[in-house]
Protein chains: 2
Amino acid sequence: MIGSVSPNVINRMPKYLRCLRAAQERGEKRISSAQIAAALGTTASQVRQDLTVFGSYGSQGYGYNIALLAGEIERILGIDAPHEIAVVGVGGIGRALLEHMDFKRYHYHVTAAFDVNPALVGTTVNGVPVYHMQDFARVIGENPVDICMLTVPKSAAMEVARQAYACHVPALWNFSDEDLKLSGLDMVVQNVNFLDSLFTLTYYLEDSKITMTPAANQ
Amino acid sequence: MIGSVSPNVINRMPKYLRCLRAAQERGEKRISSAQIAAALGTTASQVRQDLTVFGSYGSQGYGYNIALLAGEIERILGIDAPHEIAVVGVGGIGRALLEHMDFKRYHYHVTAAFDVNPALVGTTVNGVPVYHMQDFARVIGENPVDICMLTVPKSAAMEVARQAYACHVPALWNFSDEDLKLSGLDMVVQNVNFLDSLFTLTYYLEDSKITMTPAANQ
């Protein structure tokens, strides 16, 4: 049933969750669909429609119980349970995320990192040991992970994906600038491409110029 | 008119473009909606519907002329024209993107970077000079930019956004882990949050376990 929820709704769930957790940090107990909508730049009816997909957690005139709704979204997303992550590629983005991202807050545990650069092998990044890629099968065999984060160059991405598949890693979080199409490999993939968001930003930037020019001339 | 295009369509345009440019690199001249759909994990009718929003560039039985359609999408997104970018925060993600991202390919020019760390000020990262944040107004005043990339900690994001606004920077590309709501500031913002994609991946991972378990038991 959940499987039939539209990808757009799923993509908005993390944003709802962050909005709710931020409200909670401000000490708030309840929130209206209009407040959520304002925070996310959408409409109250969109919020209500999205959230009723999973059952109704709001009541008219009261709004949503923040703790209850946030907990439910975490359960729906599956992030209330712990997940193990391995990072492949400890160069730029991989290292930056290892150093700065608060994985633990949502029960993600980075167990191992891998690289082919001998200067990095044997070091630790934010407490995570860096192994040589040639030890991938052994290390992952001993400590299975749910998610493999690919922060390798485009040219290496498919080969690492195959190795992860061979080691029964079920999910890839792919930053490699190459959209992976894993025909034949039964894995879940999320491609992250920075250019996509830069292009989208540029569209809205140019669009705002068109919209604003007549007003500026008035 | 373009302003009324749904955000979902706009969000898919960069993916279409990357798919088309990849086909072009393989030496292909034309592509069908079914081929685009397969590459993006969507349906051919969705592709046709999205692309007709901007006028029809395909013909039945022939498909789309790749060069023509890619050029048109670049024009629609506004990325056929040059854009200047300033980077604020040369720590983890900022440095990683400066070092690894191919900005020039799509006519983005990173003119300046800023940080508050004295050890970084005066250095260059991938040819981009790093200035102290206290020189932001002067440097941006002398060399205006279209886009300010925010790769600063959450706590500094809003203050940097205000400074960028005061210097007439029209767009923010925000990696600061804080969704900026710029009430009163007339700026275009694109928030990039890595947790969002990790959460979405986790959802599909958990969903795949539910879907696969019965089959595995048969």
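To be clear, the structure that these remarks concern was listed above.
The model shown is predicted, which means the values in this text are computed figures rather than measured ones.

Each value, and the rule that gives it
Residues numbered from 1 in each chain as written. Chains lettered and ligands numbered in written order. Predicted model: local features only at pLDDT ≥ 70, side-chain atom pairs only at ≥ 80, totals over all residues. Heavy atoms only, no water. Pairing = 2+ DSSP bridges. Helix = DSSP H or I, 4+ residues; strand = E, 2+ residues; numbered from the N terminus. Least-squares fit on C-alpha atoms with pLDDT ≥ 70 in both. Contact = heavy atoms within 4.5 Å. Polar contact = N/O pair within 3.5 Å; in protein donor to acceptor, adjacent residues only side chain to side chain. Axes fitted to C-alpha atoms, helices over the stretch in contact; angles between N-to-C directions. Parallel < 35°, antiparallel > 145°, perpendicular 65-115°, else oblique. Nonpolar A, V, L, I, M, F, W, Y, C, P; charged D, E, K, R; others polar. Buried area = accessible area lost by both parts, 1.4 Å probe. Salt bridge = Lys/Arg side-chain N within 4 Å of Asp/Glu carboxyl O. Phe/Tyr/Trp six-rings, centres within 6.5 Å; stacked < 30°, edge-to-face > 60°. Buried < 20%, exposed > 50% of the residue type's maximum accessible area, 1.4 Å probe, protein only.

1. Brief notes about the pairing of strand β7 (residues 128-132) of chain B
Residue and element names in this part refer to chain B.
Piece 1. Where strand β5 (residues 108-115) lies against β7, three bridges are found, and the strand directions are parallel. Looking at β7, one finds that Phe 114 is bridged to Tyr 131.
Piece 2. Taken together, the two bridges between strand β6 (residues 124-125) and β7 define a ladder with antiparallel strand orientation. Bridging across to β7, Val 125 finds its partner in Val 128.
Piece 3. The hairpin turn running from β6 into β7, its antiparallel successor, is two residues long, and Asn 126 in that turn takes a positive phi close to 55°.

2. Observations regarding the relation of the copies chain A and chain B
Piece 1. It takes a turn of 180° to lay chain A on chain B, together with a shift of 0.0 Å along the axis; the resulting RMSD is 0.0 Å. Taken together, the rotation angle and the small translation identify this as a two-fold axis. No C-alpha of chain A approaches the rotation axis more nearly than that of Ile 93 of chain A, which lies at 3.1 Å.
Piece 2. Comparing contact sets, 100% of the residues at the interface of chain A also lie at the interface in chain B, consistent with an isologous, same-surface contact.

3. Observations concerning the environment of Arg 12 of chain B
All names here are of chain B.
Piece 1. Within the element layout of this structure, Arg 12 appears in helix α1 (residues 7-25).
Piece 2. Here the alpha-carbon distance between Arg 12 and Val 47, two residues 35 residues apart in the chain, equals 9.4 Å.
Piece 3. Beyond its immediate chain neighbours, meaning those up to four positions away, Arg 12 contacts Gln 46 and Asp 50.
Piece 4. A polar atom in the side chain of Arg 12 sits 2.6 Å from the side chain of Asp 50.

4. What about the packing of helix α5 (residues 92-100) of chain A against helix α5 (residues 92-100) of chain B?
Piece 1. Put simply, α5 of chain A and α5 of chain B touch, their axes get as near as 8 Å, and they point 175° apart. Here α5 of chain B runs roughly antiparallel to α5 of chain A, going by the angle between their axes. Mapping the contact onto sequence places Gly 92, Ile 93, Ala 96, Leu 97 and His 100 of chain A in α5 of chain A and Gly 92, Ile 93, Ala 96, Leu 97 and His 100 of chain B in α5 of chain B.
Piece 2. Residues that form the contact of α5 of chain A with α5 of chain B fall into these classes: six nonpolar, four polar and no charged.

5. Topic: the interface of chain A and chain B
Piece 1. Every contact between the two is made by 59 residues of chain A and, on the other side, 59 residues of chain B.
Piece 2. For the pairing of chain A and chain B, the buried interface totals around 5300 Å² over both sides, and the portion due to carbon and sulfur atoms is 67%.
Piece 3. Taken together, chain A and chain B are joined by four salt bridges.
Piece 4. Between Asp 196 of chain A and Lys 15 of chain B there is a salt bridge; the shortest N-O distance is 3.0 Å.
Piece 5. Our count for the chain A to chain B interface comes out at twelve residue pairs in polar contact (both at pLDDT 80 or more).
Piece 6. Elements with a minimum of two residues in the side of chain A that touches chain B: α1 (7-25), α4 (66-77), β4 (83-88), α5, β9 (171-174), β10 (188-191) and α8 (194-217) of chain A.

6. Structural notes on the sheet that holds strand β8 (residues 147-150) of chain A
All names here are of chain A.
Piece 1. Strand order in the open sheet made by the seven strands is β6-β7-β5-β4-β8-β9-β10, with mixed pairing throughout. In the strand order of this sheet, the two ends are held by β6 (124-125) and β10, each with one partner.
Piece 2. Relative to the sheet, helix α7 (residues 154-166) contacts β4, β8 and β9, its axis offset from that of β8 by approximately 165°.

7. As for the packing of aromatic side chains
To describe a pair of aromatic rings, you give the distance between the ring centres and the angle between the ring planes.
Piece 1. Scanning all chains against the criterion turns up 17 aromatic pairs over all chains.
Piece 2. Considering the side-chain rings of Phe 114 of chain B and Tyr 131 of chain B, the 5.7 Å spacing of their centres and the 35° angle between planes classify their relative orientation as tilted. With Phe 114 of chain B in strand β5 and Tyr 131 of chain B in strand β7, this pair connects stretches of sequence that are 17 residues apart.
Piece 3. You can call Phe 114 of chain B buried: its relative accessible area is 0%.
Piece 4. Residue classification places Tyr 131 of chain B among the partly exposed positions, given a relative accessible area of 27%.
Piece 5. Members of the aromatic cluster, joined through ring pairs, are Trp 173, Phe 175 and Phe 194 of chain A together with Trp 173, Phe 175 and Phe 194 of chain B.

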